[in-house]
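Coordinate inspection notes
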Amino acid sequence: MNFTSPRRRFASAAVAGIALTGLLSACGGSGSGDDAASKSGPLTLPFWGWANGQEAVVKAFNASHEDIQLRYTKVTDQLTMQKQLTNAVKAGNAPCLVQNTAEYVTSWVSQDALADITQYVEGDQDKFNTGAWASAQVQGKLYGVPTSSAPQFTIYRTDLFEKYGLKPPATWDEFIAAGKVLKKHGIKITNYAGEDPSTLEVLAMQAGAHWYTIDGNAWKVDFQDEGTLKAAKVIQDIIDNDLNAKLSFADYAAVQRSYDTGATATRQISTWQMAGMVQNFTKSFGDWALAPWPTYRGEAAKTPAGTNLTGSVTLVTKQCENQEQAAKAALWMSTNQDAVKTMASPETGNGVMPALADSESYVGESISRKLLGKNYDPARKVVTDSLGTVTTDWTYGPNWTAMFTELQAGWAKVVNKQEKVTDLLAHMQEWTVKDLKSRGISVKG
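This report concerns the structure included in the present document. Small disclaimer: the values here were computed from a predicted structure and weren't measured. (Residues numbered from 1 in each chain as written. Predicted model: local features only at pLDDT ≥ 70, side-chain atom pairs only at ≥ 80, totals over all residues. Heavy atoms only, no water.)

Concerning the overall build of the chain
Check the secondary structure of the chain and you find 18 helices and 17 strands. With 445 residues in all, the chain has 58% of them scored as buried. Sequence-distant contacts, at least 24 apart, represent 78% of the contacts inside the chain between residues at least 6 apart. As displayed, the chain offers around 16,800 Å² of accessible surface, 48% of which is attributable to carbon and sulfur atoms. (Helix = DSSP H or I, 4+ residues; strand = E, 2+ residues; numbered from the N terminus. Buried < 20%, exposed > 50% of the residue type's maximum accessible area, 1.4 Å probe, protein only. Contact = heavy atoms within 4.5 Å. Areas by Shrake-Rupley, 256 points an atom, 1.4 Å probe, with all protein chains shown as cover.)

Structure representation (structure tokens):
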């Protein structure tokens, strides 16, 4: 599926109706920050991010604002961001603004690292789509401004599918069947990077799973519900039949080369990942087309809320001394038309679908005509349709960062056939409950 590197996500992180006490552990301290304005110059707000196009957006912001300037630092990727932000928060010098993704919001709130900026941005809610707005919230309070939505779809090599008499798979059963045909010709239908368990997450999400939910005054953990086991079966079939490549994003060029040369035939992705394809391909422009996500047999179309850069938010840290100004700067970057277009384009930005209420109007700009060729116009409908089938009831737990790290270690074993998906799920159930209890968080499971 290849969602990570840099990673992504979009889903409802809100945990409405429950008091934070007992559900989210809290750490004290707010620090002094390093964003104080010089008396002789404009206010400077440090901003950390990793997405292509952000430097251009920051430059445009600075050119149009005399009293406030953003100082941009580019971080390698999403996972590196979590590590660097952890260190900065502990040291008391966190930046004012941080690019992040929805699954980490609850974790950072539980660590008392984020500022509640509801009063500064709540009046602009109608500018954003409902799901994206929810992704920046915990307990109904806003801790950032959403920057992107999460249309999800399959991109596939039309030349290979036509050559071997295949149609784009409408179900996961058909996906596996197509993979078996392609395997006979030395082609993998997908790639499972050993460090990227988001494949398991999004298939579980699509199947209706809920790893974290609220039950009374406690968190409920369930990595072995019906939806997760349904996802596990699909993944296990793909691995057992050797239908997947095992290319790590540590060698990003090799991953892209695998798609470009036809060694791997499909990806389940969002718009932003197309930017990497456009920037790295040399052979296969025009050979790609989009199709809806495969469904589970007998079920209606449903796409997961996505992962990685899709579902990004610009967070404001609690250590920021100028939280209102930071909130307004984040709002500008998510709503200014030129800034949104810069980020939406796979050529100038990351091809991210905006979080705005009129996201559909940006579909044409967020997909690449160069990559899709004659398949560009049909692709617009696929992306637009996917916006209407996105999962909105997925909740990220307060220890998501630690949980995902543990999940990564087990996923590598699954990909390398050292253990089964169900073994990993059993371990994650026990580990996550134990970890939450060790943090003093009320938990059932």
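Regarding empty space enclosed by the protein
For the coordinates displayed, the defined rule picks out one cavity of 30 Å³ or more. Considering only enclosed or pocket space, the largest cavity measures out at about 210 Å³ in volume. Forming the walls of the largest cavity are 17 residues, and the residues nearest its centre are Gln54, Thr147, Met333, Met343 and Val352. Breaking the lining of the largest cavity down by element, the ones donating at least two residues are helix H1 (54–64), strand S16 (312–316), helix H12 (323–335) and helix H13 (337–344). Top contributing element to the lining of the largest cavity by residue count: H13, with three residues. Among the residues making up the lining of the largest cavity, the classes are represented as ten nonpolar, seven polar and no charged. (1 Å grid on protein atoms, 1.4 Å probe; cavity = no way out; pocket = protein on both sides within 12 Å on 5 of 7 lines; lining within 4 Å. Points joined across faces, edges and corners; volume = space filled by probe spheres on them. Nonpolar A, V, L, I, M, F, W, Y, C, P; charged D, E, K, R; others polar.)

Quick word on the state of the cysteines
Taken as a whole and assessed by the stated rule, the structure comprises one disulfide. At a sulfur-sulfur separation of 2.0 Å, the disulfide partner of Cys96 is Cys320. Between Cys96 and Cys320 the disulfide shows an S-S torsion of about 80°. By sign, it is right-handed. Taken together, the positions of Cys96 in the loop between helix H2 (78–91) and strand S4 (97–101) and Cys320 in the loop between S16 and H12 put the pair 224 residues apart, joining distant regions of the chain. For the residue pair Cys96 and Cys320, the accessibility class agrees, reading buried in each case. (Disulfide = S-S within 2.5 Å.)

Describing the nonpolar core
One finds Leu97 and Trp211 to be the most contacted residues of the largest nonpolar core, which totals 133 residues. Beyond its immediate chain neighbours, meaning those up to four positions away, Leu97 contacts Pro46, Phe47, Trp48, Leu70, Thr314, Leu315, Val316, Ala326, Ala329, Ala330 and Met333. (Core = buried A, V, L, I, M, F, W, Y, C linked by side-chain atoms within 4.5 Å.)

A few points about the sheet that holds strand S8 (residues 153–157)
The three strands lie next to each other as S13-S8-S14, forming an open sheet whose pairing is antiparallel. Two strands lie at the open edges of the sheet, namely strand S13 (266–269) and strand S14 (288–291), each paired on one side alone. In this sheet, adjacent strand axes meet at a mean angle of 25° when their direction is disregarded. Both S8 and S13 contribute to a ladder of four bridges, which runs antiparallel. Considered in S13, the bridge of Thr154 is made with Gln268. Its contacts with the sheet place helix H10 (residues 252–260) against S8, S13 and S14, and it is angled at close to 120° to S13. (Pairing = 2+ DSSP bridges. Axes fitted to C-alpha atoms, helices over the stretch in contact; angles between N-to-C directions.)

Treat this as a map of the structure, not an account of what it does.
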